[in-house]
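Listed here are the chains, written in short residue letters.
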Amino acid sequence: MESMTQVKETILLVEDEPDVAEIIRRNLERSGFQVDWCSNGEEGLARVRRGGVDLAVLDIMLPGMDGRELCRSIRSDEGNVNLPIIMLTSLTEDQNIVIGLGAGADDYVKKPFSGLELVARVKAALRRGKLIGNAGDEKEGGKIRVGDLVLDPGRHVVTLSDETVNLTLAEFRLLQFLMQNPGRAFKRRDLLTSVVGEGVQVIERNIDVHVRNIRRKLGSCAKNIVTVRGIGYRFDPELD
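Structure report, in brief. (Residues numbered from 1 in each chain as written. Predicted model: local features only at pLDDT ≥ 70, side-chain atom pairs only at ≥ 80, totals over all residues. Heavy atoms only, no water.)

### Describing the overall build of the protein
Heads up, the rule is: Each helix is a run of H or I in the DSSP string that is no shorter than four residues. Each strand is a run of E no shorter than two, and both are numbered from the N terminus. Whether two residues are in contact is decided by their heavy atoms: any pair within 4.5 Å suffices. Only the protein chains shown count as cover for residues, and the accessible areas themselves come from Shrake-Rupley with a 1.4 Å probe.
Along the protein, the regular secondary structure elements total eight helices and 12 strands. Within the protein, residue pairs in contact and separated by at least 24 positions form 58% of the contacts whose partners lie at least 6 positions apart. Of the roughly 12100 Å² of accessible surface on the protein, a fraction of 48% belongs to carbon and sulfur atoms.

Right, dumping it as structure tokens:
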């Protein structure tokens with residue numbers, strides 16, 4: 001009887017320090033992932049465009065095309081808008097983290113980090129992608145329409161006046177959660193759990209960055225995401 005071989009998920013690692021890359025590669029491979037390593041942004045972008053990548057881990061400080069530019073280039077390809085992206089940074093300033101998320105990353109990990117932490121982040125990001133991919137099978141998987149804004153969980157598509165709105169995986173997940181719970185105010189920590197999942201330590205300010213990016217992309221519908229002072233955010237479908 002033939003044994004069935006489980007297909008491994010492929011993680012693209014773009015890291016210019018060979019020693020760091022080797023440590024990351026070993027940790028991911030021990031957890032059952034296939035790891036493709038590139039040492040610069042240009043090679044990383046070419047690898048993504050060849051297809052077959054399930055998630056990308058990008059160092060911010062890369063020679064030539066840095067991680068933020070690489071992230072933007074990946075997101076500019078229609079077929080990679082929803083590719084989960086985690087950025088690695090040795091920069092501790094919040095502004096650098098905000099810039100990384102603003103470039104389209106779904107999450108970031110500060111160096112130095114433990115292998116277990118990175119693996120947990122990777123698994124959480126892949127899990128979110130699968131949840132979105134299976135949204136059409138869920139009870140609430142029908143389209144949500146607010147005026148000219150339409151969110152389709154089954155196809156993982158958001159349109160505004162029949163034009164596609166290109167959201168990252170985290171942005172889509174956050175907007176979906178808010179639109180499925182109209183009028184209810186959520187704390188930032190609750191919103192983070194809806195986007196990232198339980199058991200992953202992240203900074204609550206990340207939600208502000210994601211909300212700012214969503215508002216910028218939603219144009220006239222940005223006002224429907226309401227800031228609730230001292231709490232967090234709510235989606236108000238009645239505002240016009």
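The rest of the description comes next.
### Remarks on helix α1 (residues 18–30)
Which entries qualify depends on this criterion: A helix is expected to reach a length of 1.5 Å times the quantity of its residues less one. Note on classification: 1.4 Å probe, protein chains only; a residue is buried when its accessible area is under 20% of the maximum for its type, exposed when over 50%, partly exposed between these limits. As used here, the arc belongs to the directions running from the helix axis to the C-beta atoms.
Between the first and last C-alpha of α1 there are 18 Å, a value that for 13 residues agrees with the 18 Å anticipated at 1.5 Å per step. Every buried residue of α1 is accounted for by Ala21, Ile24 and Leu28. Looking straight down α1, one finds its buried side chains confined to an arc of 70 degrees; they lie on one side. Of the residues in α1, the exposed ones pointing more than 90 degrees away from the buried face are Pro18, Asp19 and Arg30.

### A short note on the nonpolar core
Selection criterion: Here, nonpolar core refers to any group of buried Ala, Val, Leu, Ile, Met, Phe, Trp, Tyr and Cys residues whose side-chain atoms link them within 4.5 Å.
Counting 26 residues, the largest nonpolar core has Leu175 and Ile225 as the members making the most contacts within it. Listed by contribution, the elements that provide at least two residues to this core are β6 (144–146), β7 (149–152), β8 (157–160), α6 (169–179), α7 (188–196), α8 (205–218) and β12 (232–235). The element contributing the most residues to this core is α6, with six residues. Sequence-distant contacts of Ile225, defined by excluding residues within four places in its chain, comprise Leu175, Leu178, Val211, Ile214, Arg215, Leu218, Tyr233, Arg234 and Phe235. Counting 19 residues, the second-largest nonpolar core is a separate cluster that includes Val48, Met65, Leu70 and Leu83.

### Comments concerning the layout of surface pockets
As a reminder, the rule being used: A cavity here means a set of points on a 1 Å grid, drawn over the protein atoms and nothing else, where a 1.4 Å probe fits but cannot get out; a pocket is an open set with protein on both sides within 12 Å along at least five of seven lines, and a residue lines either one if it has an atom within 4 Å of a point. Grid points are joined across faces, edges and corners, and a volume is the space filled by probe spheres set on the points. Nonpolar residues are Ala, Val, Leu, Ile, Met, Phe, Trp, Tyr, Cys and Pro. Charged residues are Asp, Glu, Lys and Arg, and all others, Gly as well, are polar.
Taken as a whole, the largest pocket spans an internal volume of roughly 220 Å³. Every residue lining the largest pocket is counted, 13 residues in all, and those nearest its centre are Val81, Asn82, His156, Thr164 and Asn166. Partitioning the lining of the largest pocket into residue classes produces six nonpolar, five polar and two charged.

### Things to note about the environment of Lys111
For Lys111, the location among the structural elements is in the loop between β5 (107–110) and α5 (115–133). With 52 residues separating them in the primary sequence, Lys111 and Asp59 have C-alpha atoms 9.8 Å apart. Those residues in contact with Lys111 that sit more than four places away from it in its chain are Glu15, Glu17, Val20, Asp59, Leu88, Thr89 and Ser90.

### Describing the pattern of salt bridges
Put simply, the test is: We define a salt bridge as a contact between a side-chain nitrogen of Lys or Arg and a carboxyl oxygen of Asp or Glu at a distance within 4 Å.
All told, the structure shown has 11 salt bridges when counted by the stated rule. Across the salt bridge formed by Asp59 and Lys111, the nearest N and O atoms sit 3.4 Å from each other. Residue Asp59 is located in strand β3 (residues 55–59), and its partner Lys111 is located in the loop between β5 and α5; the two are separated by 52 residues in the primary sequence. Side by side, Asp59 and Lys111 carry an identical accessibility label, which is buried. Residue Arg121 pairs with Glu117 through a salt bridge whose shortest N-O separation is 3.6 Å. Taken together, the positions of Arg121 and Glu117, both in helix α5 and four residues apart, correspond to about one turn of that helix. Of the residues examined, Glu117 reaches a relative accessible area of 30% and is grouped as partly exposed. One salt-bridge network, held together by shared partners, links Glu22, Arg25, Arg26 and Glu29.

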